[in-house]
Every structure is written in structure tokens, then in C-alpha cells.
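So the chains spell out like this:
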Amino acid sequence: MNKKAIIFGLVTVIGMSSIVPVYAAEANEDVPNKKETKVEAKQESSSMSLNKAIEYALENSKDMEIQRLELDKAQVVYTQNIRSVKSAEKAMDDADDISYPRTYEVTADQNVNNALITNGVSRKSVELAYQVAKWNVDKKENEIKYNVEKAYYDLSHIVKELEIAKENLELSKKQYEQGKLRYELGTISNQELLGMEIGLYQAQGAYDTAEMYYDLQEMSFKSTIGYSLSKKVTLVDTVEYKEHEAINLNSSIKSALENNVGIKALEGNNEVAELTLKAVSGRYPQGTYKYKEQEVVLKQAAKNLESAKVGIEMSVRSAVLNLQNAEEQIATYKKAIEQAQKALEITEKSFELGRSTSNEVIQANIGLMNAKKNLSQQIHAYNLALVDYEYSIGIGK
């Protein structure tokens, strides 16, 4: 499948500073200073690709460290128990010398214990417990990759928001400078110029807000990968919209059920429960308490497996629906940008001819910015949906 496609949608907060016309020139001089500060920060930052971010997160994750320790612990238990199982398998002819792994005894009854050894329940139980510990490590690693990937795309999305806000600010500055020239020529009134100055302050407020959200999202990203909050990061991968390959729903569900390690663990539990009931039935008839007790265990194991399979299927179906819905909206938002751009051009021409007000120009600017934000947000939603789909058919998280 083509790799994630993504980007960006902008926060719609437009801040208003106190407005005094005489400060307009000073405001224009402040913007370059802020840009220089931002450039310096980026120059001092550490470049981070998606793969590098995932690698860093895995290397520095406390959760991964704990999960690996759990695996080490499981290996110790496995070594002890499998030794007992092997000893029991070799000593079936001498029941007194058999050392049964206590964890897997169903009853003290010798016949049942012998059956558990003979039909492989003890060995399978020991091996399954160790395998589950391995799968848990794989699941935790997959979960970390998923979280880092989404965090990377979220930050990329905010970068795009900042770009849109900057573009809008530069457009407002250009319009204001042109307005000052027209005012000096006497073609617009002082009130019209004031309106354009208000638009400039609004654009500056939106840009400042976007910068704030960038800083917050950057902190969130660094927290996700375990990076120092005092250091800067710069994303180097370009994350953009890409069409995905055709999705076959039935094939996707099949892949998810085959790959999900949670399903594999429950299948193992169900198999152990079936074999255990078979061993118990050789000593206890169907009407006895011992038989019924183990029969309940088997029914519960089968129920858990079936419920998990339904959950996996629902997850895949939901991921596909979300992906399709997000993708269908993109064309509409692209068209909206074209219309907003034309509306702005018409309004600017009309303003030059004295048929529109500065407020109408400002509103056209805002309309174009919002159209771009909406498209960016929709592409971002689409690509997050694509990530969800890809992980829904994997080993689980």
C-alpha cells in the first residue's frame, strides 16, 4: 500500500490586539524579528525523520524496557516448567518419579495428570505462556510505532497550519501596504485604511496562535518519543496526500484475523481448554462436577475467542469506512479553495474600483484561509484513517 498521505489543517483562532492606527508600521517591523527568532530556533534543532523518531522512541521507551524484562522473567519460568514437562514425558512408566509442573495440574488424580502429559496439554500450556510473553513485546513495539507515527503526522499537520497562517499574514501585509499607497493618493478613506490595518492585526493574531499551537504540539511529539522537552526538533519528512491501493474488505478482515497476536493467544487458550477437557473426561464422566467445571472453562475460552474475532472484524470495517469517508471529502474541499481564491481576486479588483470595502477584502482573506485549513484538516483526517487501517490488519497494539 502507498505510504501515508497527510497533512494539515489550521486552528481557526483569530486573536485581536488593541488597535491603534499609528502602531501599524511598528507591527510590520516586528514580524521579521519574530521570523528571525524562529529561523534561529530551527537552525539549532535536531532533524528528525519518521524512521529516526520511531527508532529513538523504541530505544528510549520505559514501556519497552519493562516488556523485555517481563519476557526475561517468562523465559525463566518457561525453562523451569519445560524441564519438568520433559522429565514427566520421559518417566510416564514410573508415575512416582514424575515431577509435574504444578501450575498446569487440574487435579491430583494420577490418571488425569498422565493424560495431560500424554496429550500434550502440559507442554502446550508452558509453550503458550512463553509465546504470549514474546507477542506482548511485539505488540508493545507496534503500539509505540503507531503512537509515534500519529504524533509525527500531528506535528506535520501543525507545521502546515503555521504555513497557512504565515501566508495569510504576508497577504494581509501586502494588502495593507497597497492600502497605504492608495490612501496617500486619496483613493481610499482613512476608515478604509483602518479596516485593512485591523485585518493585518487579525492575521498577526492568527499567526501567533498557530505558533503557540506548534510549540504545544512539538512538546507532545517530544513527549511521545521520549525526547528532551528543552531541545528543538525539525521534521524532515514531507508528509502529503497520496492515494492508497484498492482495499478488499474481506481480504483485509482475513489478514487481520491471521496476523493479530491477541487472536493467536486466545486460539491457544481454547485449544488447551479442549485438550484439558478431553483429559478430564477420561476420569470424570459428563455428569460430574469436575467435568462440568472444565466444560465451563472451555465454553468461556471459546466465547472469548469469538468475541475477539468480532471485535477485530469491527475494527477493520470501521477503519475502512473512516478511510473511505475521509477520502470522499477531499475533492469537495479542493473545489472550495478554488472558489475562495476566485472570490478573493474578485473582491480585490472590486476594492480597487471602489465597489467593495476593506472589510469585504478581509472577509475574503479569511474565507480563503479557512478553505485551506479545511482541506488540510481533511487530508490529515484521511491519512490518520489510513494509519488506523494499516495497523488494524497487523499484529495488534
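Residues numbered from 1 in each chain as written. Predicted model: local features only at pLDDT ≥ 70, side-chain atom pairs only at ≥ 80, totals over all residues. Heavy atoms only, no water.

Draft legend 1. Representation of the overall build of the chain. Regarding its fold elements, the chain presents ten helices and two strands. Overall, the chain shows an N-to-C arrangement of helices and strands of α-β-α-α-α-α-α-β-α-α-α-α. Burial analysis of the chain (397 residues in total) assigns 43% to the buried set. Partitioning the intrachain contacts of the chain with sequence separation of at least 6 by distance along the chain shows that 83% fall at a separation of at least 24. A total of about 21,400 Å² of accessible surface is found on the chain, and carbon and sulfur atoms cover 49% of it. (Helix = DSSP H or I, 4+ residues; strand = E, 2+ residues; numbered from the N terminus. Buried < 20%, exposed > 50% of the residue type's maximum accessible area, 1.4 Å probe, protein only. Contact = heavy atoms within 4.5 Å. Areas by Shrake-Rupley, 256 points an atom, 1.4 Å probe, with all protein chains shown as cover.)

Draft legend 2. Representation of the nonpolar core within the structure. In this structure, Met48, Ala53, Val148, Tyr152, Tyr153, Phe221 and Ile225 are the most contacted members of the largest nonpolar core, which totals 30 residues. At the level of secondary structure, the elements contributing two or more residues to this core comprise α2 (50-60), α3 (62-90), α5 (121-185), α6 (190-225), β2 (233-235) and α10 (358-392). For this core, the leading source of residues is α5, giving eleven residues. (Core = buried A, V, L, I, M, F, W, Y, C linked by side-chain atoms within 4.5 Å.)

Draft legend 3. Structural view of the packing of aromatic side chains. Throughout the structure, instances matching the rule amount to five aromatic pairs. Ring geometry for Tyr152 and Phe221: centres 5.9 Å apart, planes at 75°, overall edge-to-face. With a gap of 69 residues between them, Tyr152 in helix α5 and Phe221 in helix α6 connect regions that are remote in the sequence. Judged by its relative accessible area of 0%, Phe221 falls in the buried class. The ring centre of Tyr284 lies 5.1 Å from the NZ or CZ of Arg283, which sits over that ring. (Phe/Tyr/Trp six-rings, centres within 6.5 Å; stacked < 30°, edge-to-face > 60°. Lys NZ or Arg CZ within 6 Å of the ring centre and 35° of its normal.)

Draft legend 4. Just the pattern of salt bridges, in detail. Following the criterion strictly, the structure yields 17 salt bridges and no others. One salt bridge connects Lys124 with Glu271, and the closest N-O pair in it is separated by 3.4 Å. Of this pair, Lys124 sits in helix α5 while Glu271 sits in helix α8 (residues 261-281); the two residues are 147 residues apart in sequence, bridging distant segments of the chain. A relative accessible area of 33% means that Glu271 is categorised as partly exposed. Residues Glu167 and Lys372 are paired through a salt bridge, measuring 2.0 Å at the closest nitrogen-oxygen approach. Residue Glu167 is located in helix α5, and its partner Lys372 is located in helix α10; the two are separated by 205 residues in the primary sequence. Several salt bridges share partner residues, and in doing so they unite Glu89, Arg123 and Glu127 into one network. (Salt bridge = Lys/Arg side-chain N within 4 Å of Asp/Glu carboxyl O.)

Draft legend 5. Main features of a nonpolar patch on the surface. Together, Met212, Tyr213, Leu216, Met219 and Leu229 line one region of the surface with nonpolar side chains, adding up to about 450 Å² of accessible area. Looking at the element boundaries, Leu229 is found in the loop between α6 and β2. (Patch = residues over 30% accessible without salt bridge, like charges linked within 9 Å, V, L, I, M, F, W, Y side chains within 5 Å.)

Draft legend 6. Main features of the packing of α2 against α5. The contact between α2 and α5 brings their axes to 9 Å, and the two run at 135°. Judged by the angle between their axes, α2 and α5 are oblique. In this structure, α2 crosses over α5, and the sense of that crossing is right-handed. Here α2 contributes Leu50, Ala53, Ile54, Ala57 and Leu58 to the contact with α5, which in turn contributes Glu141, Ile144, Lys145, Val148, Glu149, Tyr152 and Tyr153. In terms of residue class, the contact of α2 with α5 is built from nine nonpolar, no polar and three charged. (Axes fitted to C-alpha atoms, helices over the stretch in contact; angles between N-to-C directions. Parallel < 35°, antiparallel > 145°, perpendicular 65-115°, else oblique. Left-handed = near helix turned anticlockwise from the far one by under 90°. Nonpolar A, V, L, I, M, F, W, Y, C, P; charged D, E, K, R; others polar.)

Draft legend 7. Here's a closer look at the packing of α5 against α10. As a packed pair, α5 and α10 sit with axes 10 Å apart at the nearest point and diverge in direction by 170°. With respect to α10, the element α5 is oriented roughly antiparallel. When its residues are assigned to classes, the contact of α5 with α10 shows nine nonpolar, nine polar and nine charged.

Draft legend 8. Broad picture of α5. With 65 residues, α5 should reach 96 Å at 1.5 Å per residue; the first-to-last C-alpha distance of 94 Å fits that figure. Immediately beyond the C-terminal end of α5, within one or two residues, lies Gly186, with a positive phi of roughly 80°. (Expected span 1.5 Å × (residues − 1).)

Draft legend 9. Examining the confidence of the model for the chain more closely. On average, residues of the chain score 85 in pLDDT, and 85% of them reach the 70 mark or higher. Note that residues 1-43 has pLDDT below 50 and, in this model, 120 contacts with residues that lie over four places away or in other chains. A low-confidence stretch, residues 102-107 (pLDDT under 50), is modelled with 17 contacts involving residues beyond four sequence positions or located in other chains. (pLDDT = per-residue confidence, 0-100.)

Draft legend 10. Spotlight on the environment of Thr357. Turning to its location among the elements, Thr357 is positioned in the loop between α9 (289-352) and α10. Overall, the relative accessible area of 33% leaves Thr357 in the partly exposed class. Apart from the residues within four sequence positions on either side, Thr357 is in contact with Glu192 and Phe351.

Draft legend 11. Seen up close, the environment of Asp215. Position of Asp215 relative to the elements: it lies in helix α6. Sequence-wise, Asp215 and Ile158 are 57 residues apart; in three dimensions their C-alpha atoms are separated by 9.3 Å.

Draft legend 12. Seen up close, the environment of Leu194. With respect to the secondary-structure elements, Leu194 resides in helix α6. Considering only alpha carbons, one finds Leu194 and Lys180, 14 residues apart in sequence, at a separation of 9.7 Å.

Draft legend 13. Spatial organisation of α9. With 64 residues, α9 ought to run about 94 Å at 1.5 Å a step, and its terminal C-alpha atoms sit 93 Å apart, in line with that. Within two residues after α9, Gly354 carries a phi angle of roughly 80°, on the positive side.

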